[in-house]
Amino acid sequence: MARPIQAHIDLSALESNLQVARRATSARIMSVIKADGYGHGLLRVTEALAATDGYALLDIQDAIRLREAGFRQTILLLEGFFSAEELPVIAEYDLTCVIHSAAQIAMLDACQKNGKLDVWLKVNTGMNRLGFVPPQVAQAMDQLRRHRAVRDITLMTHFANADQERGIAEPLALFNDVATPYRVARSLANSAALLRYPETHGDWARPGIMLYGASPFAGVSAQQLGLKPAMTLSSRIIAIQELRAGDEVGYGALFRAGHAMRIGVVACGYADGYPRIAMNAPVLVDGQRSRTLGRVSMDMLYVDLSALPQAEVGSRVVLWGEGMPIEEVARTAGTISYELMCALTARVPIKL
Ligand SMILES: *Cc1c(COP(=O)(O)O)cnc(C)c1O
């Protein structure tokens, strides 16, 4: 018997979540599959989302893998290119590039042998991560429209607060203002904006997290949004300890039993991607809710079995996914579902 941890990737959940996105908008869908499909596995995610109109990711090698696997949709490089040497390859594989800086336009100029490229010009509407600030957009647009290496231009931006109270009003107004003179396609919405702000849908929406079945909003569950978790991380109890009052648990003795109780030791630790910092994180043991206790170690963590007298060695423990929203686990670790999904490590066997 192998170590009992596994991550089940539910391909039908991905398909179904894509349908949720489709029903929410008439825009084309650019499925965001960066970071190895948010930790779910690049090619299996790409296949499960084959009904999408495009894929967005970062790594040119990953983009080439998709083309070589036969995917014909638009493939968008979210950070564009990093040097002029990449341009011929980008043209050869018909990849679409975000252009976010004057340095990239200079690289376009420098490359003599590139074919025609489709580009997405990125506008910085306040996030101050990538993109041209509004006063620079007209010049960048002019340069790209005149450029012999450029075929089609889309205007895009990205919201910093679409999931927050602040919302999108300010950046949306800035974007619409700079985009008004141009008859080009537009792309603005991440999952949160797609679900909450139809006025941001434009021509291409760019959902990520919702496709994997997690909610982009702190106060709304994935279930309420009709989303199904695509990743379920589970393992089993491999040992049981009967504690007496005063007994301590784990590194740093962070938990001390106030009375006699039973705890289970689960084969899942931070080397599997479970956050070490999570405390009193919710888990399911044989389908019943319980909590972790003590400090997560490299390969194991502890769960409270006080209220679960039937639990035994071999009991199944769901760390997140089906029946255990990943957002709740993330909250106890002071982070978001995205980080937990991406942090799943290579040693965890994947089951489809
Ligand atoms: C990651 C990303 C998205 C998707 O965001 P979600 O919150 O996962 O929906 C969309 N656009 C850009 C530019 C991104 O970097």
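Cut-offs used in this document
- Residues numbered from 1 in each chain as written.
- Predicted model: local features only at pLDDT ≥ 70, side-chain atom pairs only at ≥ 80, totals over all residues.
- Heavy atoms only, no water.
- Helix = DSSP H or I, 4+ residues; strand = E, 2+ residues; numbered from the N terminus.
- Contact = heavy atoms within 4.5 Å.
- Areas by Shrake-Rupley, 256 points an atom, 1.4 Å probe, with all protein chains shown as cover.
- Lys, Arg positive; Asp, Glu negative; His and termini not counted.
- Charge placed at Lys NZ, Arg CZ, Asp CG, Glu CD.
- Phe/Tyr/Trp six-rings, centres within 6.5 Å; stacked < 30°, edge-to-face > 60°.
- Buried < 20%, exposed > 50% of the residue type's maximum accessible area, 1.4 Å probe, protein only.
- Lys NZ or Arg CZ within 6 Å of the ring centre and 35° of its normal.
- Pairing = 2+ DSSP bridges.
- Disulfide = S-S within 2.5 Å.
- Core = buried A, V, L, I, M, F, W, Y, C linked by side-chain atoms within 4.5 Å.
- Domains from an automatic or database assignment.
- Buried area = accessible area lost by both parts, 1.4 Å probe.
- Salt bridge = Lys/Arg side-chain N within 4 Å of Asp/Glu carboxyl O.
- Nonpolar A, V, L, I, M, F, W, Y, C, P; charged D, E, K, R; others polar.
- Near = heavy atom within 4 Å.
- Polar contact = N/O pair within 3.5 Å; in protein donor to acceptor, adjacent residues only side chain to side chain.
- Expected span 1.5 Å × (residues − 1).

### Regarding the overall build of the protein chain
Okay, so step 1: Check the secondary structure of the protein chain and you find 11 helices and 18 strands.
Okay, so step 2: Residue pairs at least 24 apart in sequence account for 63% of intrachain contacts in the protein chain once pairs closer than 6 positions are excluded.
Okay, so step 3: Per element, the accessible surface of the protein chain, about 15,800 Å² overall, is 49% carbon and sulfur.
Okay, so step 4: Side chains of the protein chain carry 35 positive and 35 negative charges; the gap between the two charge centres is 1 Å.

### Some words on the packing of aromatic side chains
Okay, so step 1: For the coordinates displayed, the defined rule picks out 5 aromatic pairs.
Okay, so step 2: Ring centres 5.9 Å apart and planes at 35° place the aromatic pair tyrosine 38 and tyrosine 338 in the tilted group. Taken as a pair, tyrosine 38 in helix α2 (residues 34–38) and tyrosine 338 in helix α11 (residues 337–343) lie far apart in primary sequence, 300 residues in all.
Okay, so step 3: Overall, the relative accessible area of 30% leaves tyrosine 338 in the partly exposed class.
Okay, so step 4: Between the aromatic rings of tyrosine 55 and phenylalanine 71, the centroid separation amounts to 5.8 Å while the plane-to-plane angle is 80°, which identifies the pairing as edge-to-face. Residue tyrosine 55 is found in strand β3 (residues 54–57), and its partner phenylalanine 71 is found in the loop between α4 (60–68) and β4 (74–77); the two are separated by 16 residues along the sequence.
Okay, so step 5: With a relative accessible area of 0%, tyrosine 55 lands in the buried category.
Okay, so step 6: Counting every residue linked through ring pairs, the aromatic cluster contains Tyr38, Tyr212 and Tyr338.
Okay, so step 7: Note that arginine 196 overlies the ring of phenylalanine 217, its terminal NZ or CZ placed 3.8 Å from the centroid.

### Looking at the pairing of strand β2 (residues 28–32)
Okay, so step 1: Where burial is concerned, most of β2 is hidden: 4 out of the 5 residues are buried.
Okay, so step 2: Pairing of β2 with strand β9 (residues 204–205) involves 2 bridges; the strand directions are parallel. Bridge pairing links arginine 28 to tryptophan 204 in β9.

### Overview of the state of the cysteines
Okay, so step 1: Overall, the coordinates contain 0 disulfides when judged by the stated rule.
Okay, so step 2: We note that cysteine 268 lacks a disulfide partner, and the nearest cysteine sulfur, in cysteine 342, lies 16 Å from it.

### So, the nonpolar core
Okay, so step 1: Counting 111 residues, the largest nonpolar core has Leu121 and Tyr274 as its most contacted members.
Okay, so step 2: Two domains each provide a minimum of three residues to this core, namely domain 1 (11–211) and domain 2 (231–351).
Okay, so step 3: Discounting chain neighbours no more than four positions away, the residues touching tyrosine 274 are Cys268, Gly269, Ala281, Thr292, Val296, Leu301, Leu319, Trp320 and Val329.
Okay, so step 4: Core analysis: the second largest hydrophobic core is formed by 8 residues, Leu243, Ala257, Met261 and Ile263 among them.

### Some remarks on the domain arrangement of the protein chain
Okay, so step 1: For the protein chain, the assigned domains are domain 1 (11–211) and domain 2 (231–351).
Okay, so step 2: For domain 1 and domain 2, the distance between their C-alpha centres works out to 38 Å.
Okay, so step 3: Interface area for domain 1 against domain 2, summed over the two sides, is near 610 Å², with a carbon-plus-sulfur share of 73%.
Okay, so step 4: One can count 0 salt bridges joining domain 1 with domain 2.
Okay, so step 5: Within the side of domain 1 that touches domain 2, the residues separate by chemical class into 3 nonpolar, 2 polar and 1 charged.

### Overview of the site of the ligand
Okay, so step 1: Lys34, Tyr38, Ser191, Ile209 and Tyr338 are the nearest of the 14 residues found near the ligand.
Okay, so step 2: A distance of 2.6 Å separates an oxygen atom of the ligand from a polar side-chain atom of lysine 34.
Okay, so step 3: Within the backbone of isoleucine 209, a nitrogen or oxygen atom sits 2.8 Å from an oxygen atom of the ligand.
Okay, so step 4: With the chains in place, 93% of the 390 Å² that the ligand exposes on its own is no longer accessible.
Okay, so step 5: Per-class residue counts for the shell around the ligand are 6 nonpolar, 4 polar and 4 charged.

### Some remarks on the environment of alanine 179
Okay, so step 1: Note that alanine 179 resides in helix α8 (residues 169–179).
Okay, so step 2: What makes alanine 179 buried here is its relative accessible area of 0%.
Okay, so step 3: Sequence separation between alanine 179 and lysine 122 is 57 residues; the distance between their C-alpha atoms is 11 Å.
Okay, so step 4: When near neighbours in sequence (up to four residues on either side) are disregarded, alanine 179 contacts Leu155 and Arg186.

### Section: helix α1 (residues 11–24)
Okay, so step 1: Under the 1.5 Å per step criterion, the end-to-end length of α1 is 20 Å for 14 residues, consistent within 8% with the ideal 20 Å.
Okay, so step 2: Taken as a whole, α1 has its buried residues at Ala13, Leu14, Ser16, Asn17, Leu18, Val20 and Ala21.
Okay, so step 3: For α1, the secondary structure elements touched by its buried residues are β2, α3 (42–48) and α9 (191–196).

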